[in-house]
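For reference, the chains in residue letters:
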Amino acid sequence: MKVLKFGGSSVANSQNIEKVISIVKNASKDSRVAVVVSAFGKTTDSLIKGAQLAAQKNDDYKNELSSIEKHHLATIKELIPVGKQSQVITYAKQLLNQLETIYEGCYLLQELTPKTLAKISSFGELLSSFIIAKAANEFFETAYKDSRELLVASDHYLSAQVNFASTEKNFQEYFKSTDSKVTFLPGFIARTPEGKTTTLGRGGSDYTAAIIAASVEAENLQIWTDVNGLYTANPRIVKQASKIPHISYQEAMELSHFGAKVIYPPTIQPVLEKEIPIYIKNTFQPEDEGTLITKKSAQNKPVQGISHVENISLVTIEGVGMVGIPGFSKRLFEALSLHQINIILITQASSELSICIAIDDHNADKAKEIIDEVFEYEIQLKKVKPVSIEKGMCIIALVGDSMKNHQGLSGKMFSSLGKNNVNIRAIAQGASEKNISAVIDQKDAKKALNTLHERFFEERIKQLNLFVTGVGNVGERFLNQIQQQTFYLRENLKLNIRVIGISNSRTMVFNEDGIDLSGWKELLSKGEKASLDGFHKRASSINMRNSVFVDNTANQQVSEMYEAYLRQNIGVVTCNKIACASNLENYKTLKRVSRKYSTPFLFETNVGAGLPIIDTLKNLIASGDRVHKIQAVLSGSLNFIFNNFNDETTFHDVVAQAQEEGYTEPDPKIDLSGVDVARKILILARESGYDLELEDIDNKSFLTEESLSTTENESFYKSLTTHELHFQQIFREANDQNCRLKYVAEFTDGNANVGLQHIPSDHPFYNLEGSDNIVLFYTDRYAQQPLIIKGAGAGAEVTASGIFADVIRIGNV
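Report on the accompanying structure.

Quick notes on the rules
Starting afresh in each chain, residues are numbered from 1 along the sequence in its written order. It should be noted that, the model being predicted, local features are given only for residues of pLDDT at least 70 and side-chain atom pairs only at 80 or more, the latter also being counted only at that level, while totals for whole chains, interfaces and linings use all residues. Here the side-chain values reflect all heavy atoms present in the structure, with hydrogen atoms and water set aside. Going along the chain from the N terminus, every DSSP run of H or I of four or more residues is numbered as a helix, and every run of E of two or more is numbered as a strand. One fewer than the residue count of a helix, multiplied by 1.5 Å, yields its expected span. The buried label goes to any residue with under 20% of its type's maximum accessible area, the exposed label to any with over 50%, and the partly exposed label to all in between, with areas taken from a 1.4 Å probe on protein chains only. We count a salt bridge whenever a side-chain nitrogen from Lys or Arg sits within 4 Å of a carboxyl oxygen from Asp or Glu. Here, nonpolar core refers to any group of buried Ala, Val, Leu, Ile, Met, Phe, Trp, Tyr and Cys residues whose side-chain atoms link them within 4.5 Å. Working rule for contacts: check all heavy atoms of both residues, and any pair within 4.5 Å makes them a contact. Residues with no salt bridge and a relative accessible area higher than 30% make up the patches, which join like charges within 9 Å and nonpolar side chains (Val, Leu, Ile, Met, Phe, Trp, Tyr) within 5 Å. Each accessible area is a Shrake-Rupley estimate made with a 1.4 Å probe; only the visible protein chains count as cover when residues are assessed.

Turning to helix H7 (residues 204-216), a few remarks are in order. An ideal rise of 1.5 Å per residue puts 18 Å on 13 residues; H7 measures up with 19 Å between its terminal C-alpha atoms. By the criterion of burial, H7 is predominantly enclosed, with 12 of the 13 residues buried. Those residues of H7 that sit buried are Gly204, Ser205, Asp206, Tyr207, Thr208, Ala209, Ala210, Ile211, Ile212, Ala213, Ala214 and Ser215. One or two residues past the end of H7 sits Glu217, with phi positive at roughly 50 degrees.

Next comes the structure, spelled out in structure tokens:
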């Protein structure tokens, strides 16, 4: 014999019920079948809402009753031929008339007792099971049996305790006496020894099916729902969650206890002792194999799944008066038990100074009142502090039978959460080591679940979630490079890089599932109004693991947001030099915050675009080397300009060409004034361990005072034309000495300067072509022959590739 149970979503409407009937028909071909059904989808909620409205003397209860009646009568008419509807409609109306009478009683008395609520709640299953049984009878012979005639339970009306001895005997005798191959029964409901209607509580229909399966020692128990089985995590929260093909009873109970709503913990207990297999199947994809639950899993994975429970409060009682006092815990737990408050998690320090318990949020205030009253004397003597409550928490749990055989799982769990700034408030682990639980802030639940799933299930593929601001020359190419390299990164580096947010100065757009980079321009054009604070708030509220803010601008206000991102555990990658070249205290603060929160702050492209200058310097310092001198050509734009400027060109035209080809900043005066180069040598000096301010750098500008005093590009370019003779004179002086003009940055033992120099033909800088950069590091180890880094140092493509490289560095950590 097989026992099949169908949940509310499986019987929500006539189309779904037809699928149920087809599944039952196939199952009954080679076996007798008991079919347990829930109420039609959302019917139980409507029944309870109607009862509450009636007890409040609110006439809207009639609307709920009318809605319930319409839905059930319409379903009868859709499923059963016209000539055979009368019996079913008559039965349904009898039940609905009884329901109306009970509602009227609640309305008059303004009272709703647990006993009455249990009676009202039973109507959903009574209606659905009878209707479906009669509909199925059109295709094959069926029987209908009211579960209350067989299932005996206590008078705790909303969560009754089953009398297994009487119940098993009743089911065994019934199924021996009937010849019907298919029997339909309502789930959830039972009767007291006195014959009153009672209910089995949350998950009651699953429980009913399990009780029947255990009573008749069924071949298997099948739970039919709207998903393909148990998953490694909630697929609505963790998109990469995968179905678990085979799992043990103990693992299933642990997962279900911590929020896996496909199956409820009491369901497993009746069939566990008799080792009856449970299948979790999908009504809408019946061909899928689903999840098999047995005594032992065939899989040998240390972690089978990750689950969580939301809306938790952490209740803490602490004080020196608890230490070494027998019976203290007994008083605490007994007081809560007497008031029907369920404890979900317990943890106690070995010092006995505190006990933490996790309970449902809605019980928190009541629990505080009860505990403070129980320990009133100790609180007055200040031996115990008043109870503290932290609401809005969440429990996450790793589950697996084999966890005890694998070392370091706790370390991996907590280090992964720590790296993503998920603070753990309490930890619990049983001696069986089938479960490791932690209490965290509920706002971190999604990030925590995705972080742990990536760590334990996703073939070591690390997901990075980017929030990109600035989509001009560099930003556009950066997004194009990500799109182009998506497959390569996933296959070769095990990185899945997604862009979650994009912003320019006008609009911003977000998609938690990742923005389609093939159409980002159109999406951004239709986005919401942009603001720096708004972009930061959205990135923070989305709260994804491995989040990175990417700044492709040269904007000071954007750079002032870095600390806020870092404090939210959102990494920062930037080509914007302003932050690292700002006042020394701000630079040190950013580095300190980055270390404190273990959040990456990378700015390789601040110097040399895509060249590995800063990374090389960091490695020198980290390995114990000391920098004494730096000589460098650090402006690709100035190198391009002076490589192309001569007596046959105008300085204005060469600068305009450099800007057009993307070599200069949006404001070219930043490059030509030497400020940009000064910032770069300042950053290198600071990364070498020297405390310098921008004002400490001697900037020998070659521009005229008029050019330096301009405030916008048009007047700047006009000044270049006005002083063309000045620039030609600079060229002639170098050319007459057979030298080339290079804008050179120098740093020697704490002193730095930048300026235009005449470079002779035997100097390493002489043959520096195009927009190339070159850096010479003189250190303890490279005292005579410097360490030289040379290559393209400007341009949107190479700068974008440098930013991309920093992002990949974060992914490889």
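Another aspect to go through is the pattern of salt bridges. If you walk through the whole model with that rule in mind, you get 36 salt bridges. Between Arg331 and Glu378 there is a salt bridge, with the nearest N and O atoms lying 2.7 Å from each other. Remark: Glu378 occurs in helix H12 (residues 376-380) and Arg331 occurs in helix H10 (residues 328-338); sequence separation between them is 47 residues. Assessed through its relative accessible area of 32%, Arg331 is described here as partly exposed.

Of all hydrophobic cores here, the largest spans 75 residues; its most connected members are Ile630, Leu634, Phe651, Leu672, Ile681, Leu684 and Phe702. Per-element tally for this core: the top contributor is helix H25 (residues 675-687), with 7 residues. When near neighbours in sequence (up to four residues on either side) are disregarded, Phe702 contacts Leu638, Phe642, Phe651, Leu672, His726, Phe727, Ile730, Tyr743 and Leu756. Counting residues in each nonpolar core, the second largest holds 51 residues, with Val20, Leu47, Ala54 and Cys106 among its members.

A cluster of nonpolar side chains, contributed by Val320, Val323 and Leu353, occupies part of the molecular surface with about 250 Å² of accessible area. Note that Val320 resides in the loop between strand S11 (305-318) and H10. Given a relative accessible area of 62%, Val320 falls into the exposed group.

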